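Secondary and tertiary structure notes
Chain by chain, the residues:
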Amino acid sequence: MLKRGLRNKKVKNFLKNKKAQERSLETLIFFLLNTIFFVTMLFFIYHAGTRAFIYEESYAKQIALIMDNAKPEMAILLDISEIIEIAEKNNKQLNEIFKLDKENNLVKVSLSERGYSYQYFSDYDADLKTDNNWLSISIKDKKIEEKVRGEGNE
Amino acid sequence: MSKIKKMDKRGGVKLLSIWWFFVLAVIAGGVVIAVIIYYSADINSNKLESYILANKVMDCIINKGNLDIGLEEFDVFEKCDLEQEVFRKNSNFYFKIKIYEGDELVFSFDKGNSLFEKDCKIQEKILAKSFPKCSEKRASAAYGDKILEVVVLAGSNQQGMKE
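Residues numbered from 1 in each chain as written. Chains lettered and ligands numbered in written order. Predicted model: local features only at pLDDT ≥ 70, side-chain atom pairs only at ≥ 80, totals over all residues. Heavy atoms only, no water.

Below, the discussion takes up helix H4 (residues 116–125) of chain B. In an α-helix, one turn spans 3.6 residues; hence positions three or four apart end up facing the same way. Residue and element names in this part refer to chain B. Buried within H4 we find Phe116, Glu117, Asp119, Cys120 and Gln123. For H4, the buried positions fall inside an angular range of 160° around the axis, keeping them on one side. Among the exposed residues of H4, those oriented more than 90 degrees off its buried face are Lys118, Lys121 and Lys125. On the buried face of H4, the contacting elements are strand E3 (93–101), strand E5 (133–143) and strand E6 (146–156). (Buried < 20%, exposed > 50% of the residue type's maximum accessible area, 1.4 Å probe, protein only. Helix = DSSP H or I, 4+ residues; strand = E, 2+ residues; numbered from the N terminus. Arc of directions from axis to C-beta. Contact = heavy atoms within 4.5 Å.)

Next comes the structure, spelled out in structure tokens:
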């Protein structure tokens with residue numbers, strides 16, 4: 001009874017004491033703003049740290065330049081071990097990362113829901129195949145391919 | 001006796017908390033700026049792309065020191081394995097072939113975004129970020145009993161596409 005009485009007195013004193021209210025409000029705002037700040041920083045750093053868009057752009061350009069610089073009947077192996085880690089984090093299947101849009105001459109690399117496309121100017125027929133940590137780029141001469149297909153149809 | 005004013009500690013604490021937020025803002029701003037600068041660094045491969053294009057065209061029209069094309073019309077896309085659709089008028093690519101016999105221009109052919117020819121000359125003199133990056137290749141080639149000067153200019157201004 002006595003303790004409860006004392007507690008009630010303290011609460012009443014607290015409510016009456018404006019300075020105490022101000023101080024506690026200041027402290028509360030201080031902690032709130034700090035929390036918001038650190039949460040925002042962590043969120044920003046986490047998203048910046050995935051680096052997916054950097055790898056998408058880098059690999060799309062590399063593959064397009066390789067295809068432009070290559071000659072028919074060439075096969076090139078590209079190390080994609082770095083990109084596989086990021087794809088696994090984003091639950092992306094290996095066979096969905098690299099795509100060739102042959103109609104528009106585009107190389108598409110996507111490690112997330114979005115992706116990056118880069119155009120190549122060669123007229124080759126190419127295939128992209130992933131095998132463990134390697135990407136195999138096979139360059140074929142379109143004219144020879146069409147000739148072989150034509151002979152095959154006959 | 002000089003009056004000594006006892007400073008209120010609470011006033012000091014209030015001032016410190018303002019300073020604290022200022023410091024936080026500076027640190028946060030610094031971190032954000034650093035990350036943005038790092039990740040907005042451009043991986044621009046246009047110069048390399050124009051170099052590859054110029055090389056490709058030059059290699060296909062000169063074979064073992066001889067000019068491998070006729071000076072009348074020839075299908076450069078068929079000969080050099082280039083995709084014609086990519087070299088439309090407003091495309092991101094351009095190339096020009098000029099063949100000289102001495103000082104006389106005997107053959108000229110260009111395809112792609114023709115504005116790049118002037119932009120390439122401007123790029124030589126001033127640094128312009130959004131202008132195309134260009135490469136020029138020169139070589140001599142035999143054509144019958146003549147020696148011709150072949151000049152290939154290639155430009156690329158491709159930015160890629162984020163989907």
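Let us now look at the sheet that holds strand E3 (residues 106–109) of chain A. Read across the open sheet, the four strands follow the order E2(A)-E3(A)-E4(A)-E7(B); overall the sheet is antiparallel. A single partner strand is all that each edge strand has here, and the edge strands are strand E2 (98–101) of chain A together with strand E7 (161–162) of chain B. (Pairing = 2+ DSSP bridges.)

All names here are of chain A. In contact at an axis separation of 11 Å, helix H3 (residues 52–69) and helix H4 (residues 81–89) are set at 140° when each is read in the N-to-C sense. The orientation of H3 with respect to H4, classified from their angle, is oblique. The two elements H3 and H4 cross, and the hand of that crossing is left-handed. Only Glu82, Ile83 and Ile86 of H4 make contact with H3, whose side of the interface consists of Ala52, Tyr55 and Tyr59. Considering only residue class, the contact of H3 with H4 consists of five nonpolar, no polar and one charged. (Axes fitted to C-alpha atoms, helices over the stretch in contact; angles between N-to-C directions. Parallel < 35°, antiparallel > 145°, perpendicular 65-115°, else oblique. Left-handed = near helix turned anticlockwise from the far one by under 90°. Nonpolar A, V, L, I, M, F, W, Y, C, P; charged D, E, K, R; others polar.)

A few words now on the packing of aromatic side chains. For the coordinates displayed, the defined rule picks out 10 aromatic pairs over all chains. A ring pair is formed by Phe30(A) and Phe31(A), whose centres lie 5.8 Å apart and whose planes are at 75°; its orientation type is edge-to-face. Using a relative accessible area of 52% as the deciding quantity, one classes Phe31(A) as exposed. Ring centres of Phe87(B) and Phe95(B) lie 5.2 Å apart, and the angle between their planes is 85°; on these two criteria the pair is classed as edge-to-face. Grouping residues by exposure puts Phe87(B) and Phe95(B) together as buried. Members of the aromatic cluster, connected to one another through ring pairs, are Phe121(A), Phe77(B), Phe87(B), Phe93(B), Phe95(B) and Phe109(B). (Phe/Tyr/Trp six-rings, centres within 6.5 Å; stacked < 30°, edge-to-face > 60°.)

A word on the sheet that holds strand E5 (residues 125–131) of chain A. All names here are of chain A. With antiparallel pairing, three strands are arranged side by side in an open sheet as E1-E6-E5. Of all strands in the sheet, those bounded by a partner on one side alone are strand E1 (75–79) and E5. If you compare each strand with its neighbour and ignore which way they point, the axes differ by 20° on average. Inspection of the sheet shows E5 paired to strand E6 (residues 134–140) by seven bridges, in the antiparallel sense. In the sheet register, Leu128 faces E6, and the bridge partner there is Ile137. Those strands touched by H3 are E1, E5 and E6, and its axis lies near 165° from that of E1.

This part takes up the packing of H3(A) against helix H2 (residues 46–61) of chain B. In a packed pair of helices, the relevant descriptors are the angle between the two axes and the axis-to-axis distance. Axis separation between H3(A) and H2(B) bottoms out at 10 Å; the angle between their running directions is 15°. The orientation of H3(A) relative to H2(B) falls into the category roughly parallel. Note that H3(A) runs across H2(B); the crossing there is left-handed. Residues Leu65(A), Asp68(A) and Asn69(A) of H3(A) lie in contact with H2(B), whose contacting residues are Leu48(B), Glu49(B), Ile52(B) and Lys56(B). Looking at the contact of H3(A) with H2(B) residue by residue, the classes come out as three nonpolar, one polar and three charged.

Let's shift gears to the state of the cysteines. All names here are of chain B. Taken as a whole and judged by the stated rule, the model has two disulfides over all chains. Each sulfur of the disulfide joining Cys60 and Cys80 lies 1.7 Å from the other. Here Cys80 lies in helix H3 (residues 76–80) and Cys60 lies in helix H2, a separation of 20 residues in the sequence. Two residues share a disulfide in this structure: Cys120 and Cys134, whose sulfurs sit 1.7 Å from each other. (Disulfide = S-S within 2.5 Å.)

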